[in-house]
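# Observations on chain architecture
For reference, the chains in residue letters:
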Amino acid sequence: TTAGGAERNKVLDQDLLESLYQCENVEHLEQTRLIEVLGDMNGVTGVKLMRKGSTEEEIIEVEGAFIYGAGGGSKPITEFCQSKVDLDESGGVIVDENMKTSCDGVYAIGDIRNTDYKQVVVAASDGCIAAMSIEKFLYNRKAIKVDWIHK
């Protein structure tokens with residue numbers, strides 16, 4: 001249970017979590033809202049936060065930020081395509097196994113699909129699948145053209 005009385009996820013390895021909290025370069029901030037990720041042309045330089053009960057924003061200097069929306073609170077930005085392709089109930093673009101949307105010639109990859117797997121390697125894989133599918137679409141092929149055949 002957290003200091004605020006919230007129940008923690010029991011799936012987490014509590015020993016691993018506690019060892020993470022013991023690292024000198026790790027600070028666990030509960031009841032804190034991320035206001036802004038700060039940066040310049042060289043990348044992330046800090047994060048602006050507001051702690052619950054405070055009226056003052058706080059800036060922590062960092063060289064990178066991994067944003068995780070606990071509880072599945074992240075929603076893809078799909079407002080620009082809502083009337084053009086089908087979306088699921090969570091706002092993600094619906095695709096088939098070739099990354100094709102409900103609109104011919106339109107493909108979607110990565111986090112815009114709003115899957116549980118928000119990792120760059122997943123987006124890269126989606127991109128490869130979409131690129132090969134787009135090539136098939138553009139050249140009106142019946143099958144995807146591969147650069148090797150396993151026999």
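Let me sum up the structure you'll find in this document. All figures in this text were calculated on a predicted structure; none of them were measured in a lab.

### Describing the sheet that holds strand β3 (residues 58–61)
- Taken in spatial order, the three strands of this open sheet run β1-β2-β3, and their pairing is antiparallel. Looking at strand neighbours, the two that pair on one side only are β1 (32–40) and β3, the edges of this open sheet. Strand-to-strand twist in this sheet, taken as the mean axis angle between neighbours without regard to direction, amounts to 30°.
- Bridge analysis of β1 against strand β2 (residues 43–51) gives eight bridges, and the strand direction is antiparallel. Looking at β2, one finds that aspartate 40 is bridged to glycine 43.

### Description of the environment of valine 62
- Note on placement: valine 62 falls in the loop between β3 and α2 (120–138).
- Here the alpha-carbon distance between valine 62 and glycine 46, two residues 16 residues apart in the chain, equals 4.5 Å.

### Focus: the pattern of salt bridges
- Per the stated rule, a full pass over the model turns up seven salt bridges.
- In this structure, the salt-bridge partner of glutamate 36 is lysine 48, at a minimum N-O distance of 3.4 Å. Of this pair, glutamate 36 sits in strand β1 while lysine 48 sits in strand β2, placing them 12 residues apart in sequence.
- Residue arginine 51 is joined to glutamate 58 by a salt bridge in which the shortest nitrogen-to-oxygen separation is 2.8 Å.
- Residues participating in the shared-partner salt-bridge network are Glu27, Arg51 and Glu58.

### Here we look at a nonpolar patch on the surface
- Judged by side-chain polarity, Ile134, Phe137, Leu138 and Tyr139 come together as a nonpolar surface patch covering roughly 430 Å² of accessible area.
- Mapped onto the secondary structure, phenylalanine 137 falls in helix α2.
- On the basis of relative accessibility, which here comes to 41%, the residue phenylalanine 137 falls in the partly exposed class.

Rules and cut-offs
- Residues numbered from 1 in each chain as written.
- Predicted model: local features only at pLDDT ≥ 70, side-chain atom pairs only at ≥ 80, totals over all residues.
- Heavy atoms only, no water.
- Pairing = 2+ DSSP bridges.
- Helix = DSSP H or I, 4+ residues; strand = E, 2+ residues; numbered from the N terminus.
- Axes fitted to C-alpha atoms, helices over the stretch in contact; angles between N-to-C directions.
- Salt bridge = Lys/Arg side-chain N within 4 Å of Asp/Glu carboxyl O.
- Patch = residues over 30% accessible without salt bridge, like charges linked within 9 Å, V, L, I, M, F, W, Y side chains within 5 Å.
- Areas by Shrake-Rupley, 256 points an atom, 1.4 Å probe, with all protein chains shown as cover.
- Buried < 20%, exposed > 50% of the residue type's maximum accessible area, 1.4 Å probe, protein only.

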